Amino acid sequence: NSFVTRTNTCGELRSAHVGQEVTLYGWIQYQRQGLFLVLRDFQGLTQIVIPQDEAHSHVKKLLSNAPVESVVRVTGIVSPRPPGQENPKMPTGDIEVKAETAEVLNSCKKLPFEIKDFIKKSEALRMQYRYLDLRSSQLQYNLRLRSQIVMRMREYLCNLHGFVDVETPTLFKRTPGGAKEFLVPSREAGKFYSLPQSPQQFKQLLMVGGLDRYFQVARCYRDEGSRPDRQPEFTQIDIEMSFVDQAGIQRLIEGLLQYSWPEERGSITTPFPSMTYEAALADYGTDKPDTRFGMKIVDISDFLRRSDIQFVQNALSYPHGTVKAICIPQGVRYLKNKGLESLKESAKSQFNQEIMEIICRPDGSLKSPLTKFLSEKQQSELIKALNMQVDDVVLLAAGEQKQVCSALGSLRLGSADLLEAAGLVLRDPTAFHFLWVVDFPLFLPKEENPNELESAHHPFTAPHPSDTSLLYSDPTKVRSQHYDLVLNGNEVGGGSIRIHSAEQQRFVLEKVLKEDSEVLSHLLEALEFGAPPHGGIALGLDRLISLIVDAPSIRDVIAFPKSFKGRDLMSSAPDYVTPEELEPYHIQVSWPLAEKEAKKN
């Protein structure tokens with residue numbers, strides 16, 4: 001209550017305050033028949049008794065007629081509630097304030113939706129009236145917890161470990177590779193700035209500048225179009241250190257999260273477990289595994305190699321051919337035929353992968369088109385290999401290794417969703433399973449042209465020390481010093497040890513990636529002036545907070561988010577500008593194309 005004219009907030013009055021005169025400010029949440037109202041502010045609720053005597057008739061008229069969500073000031077005496085009228089669900093439920101004077105500071109017109117958490121509102125309406133949506137207790141909680149966590153992170157980094165908080169520019173130039181960047185026109189004809197997708201180059205240059213330890217709560221921008229649960233502008237906890245290795249960065253982040261972790265979410269155990277990229281793909285079919293539940297992918301290639309099943313033999317005849325399966329516990333009981341068919345259909349449509357099912361009957365025998373090709377002994381061995389129990393359902397896939405793993409990894413998550421929707425709890429919603437994924441490939445074949453390579457993450461990542469020689473002979477086999485931090489199947493951070501040799505960086509850009517190194521001439525030159533070995537990481541703050549508070553979307557932890565199409569529904573941004581406004585930037589809009597786009601949207 002410092003610096004303001006209220007004496008108390010609406011959430012702090014208790015029995016100890018009985019008899020005191022208080023002044024409260026807030027919004028009218030609820031009003032009942034001119035007898036009492038509930039006043040709300042950021043901290044809670046207080047019941048206000050509306051006076052009924054003639055002497056206070058003007059106060060009664062004022063408060064009885066004020067619409068819900070009007071802003072009022074109330075001065076009155078704290079009194080105990082009458083016996084039997086206490087409300088144990090409210091922290092202020094033992095008291096009420098008997099109003100003596102009041103003032104309506106701002107009346108509220110008819111609302112587009114009620115400010116109550118249990119009232120269902122469309123997300124579009126919530127975003128159009130975001131300033132009203134922010135009054136909800138859930139969004140208030142999310143944003144305040146976010147603020148507290150960021151403050152604790154600052155304390156840990158700056159006060160305990162000597163990091164320097166540096167703001168880096170928002171107007172920069174295009175970076176080769178990676179996500180698409182937003183362009184900002186300049187007054188020089190044909191020249192554009194880019195909004196940085198991360199402060200990657202700047203933080204490396206700060207290490208060249210001898211700052212040793214940098215961090216920033218960084219705003220980042222990516223023009224990724226219509227991607228659900230992504231934002232065109234987002235926030236990272238951005239970190240870089242000199243003279244550090246992978247283990248050092250990992251210990252720093254574990255300590256940072258442990259220090260800033262909210263008490264009400266329990267404690268987290270360090271060090272976090274680690275898994276290689278290859279193992280993650282083989283066991284979970286993804287590089288961001290959710291380790292809160294089992295259902296790992298099992299390789300049964302060797303077991304079925306001796307069978308006479310034609311499609312299995314076809315798959316195994318290819319160089320990277322494999323047969324793998326997942327076992328869905330109690331699948332017969334919890335998965336309807338419709339659910340199983342939808343899983344198989346998704347594997348077909350998303351991954352072009354056929355799926356075969358095997359069911360374990362109550363008598364322990366197997367039901368599947370495959371059983372006629374397997375002897376009793378082979379069936380028994382299959383049950384043992386997959387640890388099948390009665391009523392379990394196995395989904396089997398044969399084909400190229402990566403495709404099979406990706407399909408089964410997707411089915412693993414899809415079947416978990418279906419099992420939980422049917423009432424079987426697989427993933428503890430209160431559990432937080434952190435995991436480091438390491439030893440990523442440094443390069444991957446380009447989707448549009450598999451004969452060319454692109455960086456698996458970004459072109460500044462250093463090769464694994466054991467694989468440096470392969471960089472020059474067979475770059476496809478080089479592992480990187482990149483590491484991802486995964487929480488409950490979501491990537492919440494990623495970083496790497498960087499290339500600090502100008503020669504090696506130039507080779508990666510020009511010879512391996514076939515990029516024009518001139519775009520990065522400033523960085524390449526900086527690396528020639530005694531650049532220290534360095535590495536870093538960035539944590540996705542929006543995603544991390546959304547997981548901590550169990551929000552359905554990252555939009556629920558951002559004060560003013562964009563829609564999934566990148567629009568601000570409140571202000572209608574982006575918007576058109578006039579030709580006169582564009583003239584200084586030497587830009588003309590091709591209007592027919594723009595009109596066609598507008599009609600499409």
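Residues numbered from 1 in each chain as written. Predicted model: local features only at pLDDT ≥ 70, side-chain atom pairs only at ≥ 80, totals over all residues. Heavy atoms only, no water.

- Per an unreviewed UniProt entry, the protein carries the name SYDM protein and comes from Chionis minor.
- Listed in UniProt under the heading Sequence similarities (unreviewed entry), the comment for the protein reads: "Belongs to the class-II aminoacyl-tRNA synthetase family. Type 1 subfamily." (UniProt positions renumbered as here; feature names shortened; annotations may be inferred.)

## Observations regarding helix H12 (residues 376-385)
- Every buried residue belonging to H12 is among Gln378, Gln379, Leu382 and Ile383, and all of these are buried. One side of H12 carries all its buried residues, which in axial view fall inside an arc of 140 degrees. Relative to its buried face, H12 has exposed residues pointing more than 90 degrees away, namely Glu376, Lys377 and Lys384.
- Packed against the buried residues of H12 are helix H8 (301-304), strand E14 (356-360) and strand E15 (366-367).
- At the C-terminal side of H12, Asn387 shows a positive phi close to 50 degrees. (Buried < 20%, exposed > 50% of the residue type's maximum accessible area, 1.4 Å probe, protein only. Helix = DSSP H or I, 4+ residues; strand = E, 2+ residues; numbered from the N terminus. Arc of directions from axis to C-beta. Contact = heavy atoms within 4.5 Å.)

## Quick look at the nonpolar core
- If you look at the biggest cluster of nonpolar residues, it comprises 50 residues, and the most contacted ones within it are Ile239, Ile253, Leu257 and Leu485.
- At six residues, helix H4 (residues 137-161) tops the list of elements feeding residues into this core.
- Counting 22 residues, the second-largest nonpolar core is a separate cluster that includes Ala315, Ala325, Val394 and Leu396. (Core = buried A, V, L, I, M, F, W, Y, C linked by side-chain atoms within 4.5 Å.)

## A closer look at the pairing of strand E9 (residues 213-221)
- With two bridges connecting them, strand E6 (residues 164-165) and E9 associate as parallel partners. Counterpart to Val164 in the pairing with E9 is Tyr214. (Pairing = 2+ DSSP bridges.)

## What to know about the sheet that holds E15
- Read across the sheet, five strands follow the order E12-E13-E16-E14-E15 without closing on themselves; strand pairing throughout is antiparallel. The open sheet is flanked by strand E12 (298-299) and E15, the only strands paired with a single partner.
- For strand E13 (residues 321-328) and strand E16 (residues 393-400), the ladder comprises eight bridges, and the chain directions are antiparallel. Following the sheet pairing, Lys324 is matched in E16 by Ala397.

## Brief notes about helix H7 (residues 277-284)
- Residues Tyr277, Ala280, Leu281 and Tyr284 constitute the buried set of H7. The buried residues of H7 occupy one face: seen down the axis, they fall within an arc of 105 degrees.
- Close packing links the buried residues of H7 with strand E11 (274-276), helix H13 (401-421) and strand E17 (434-438).

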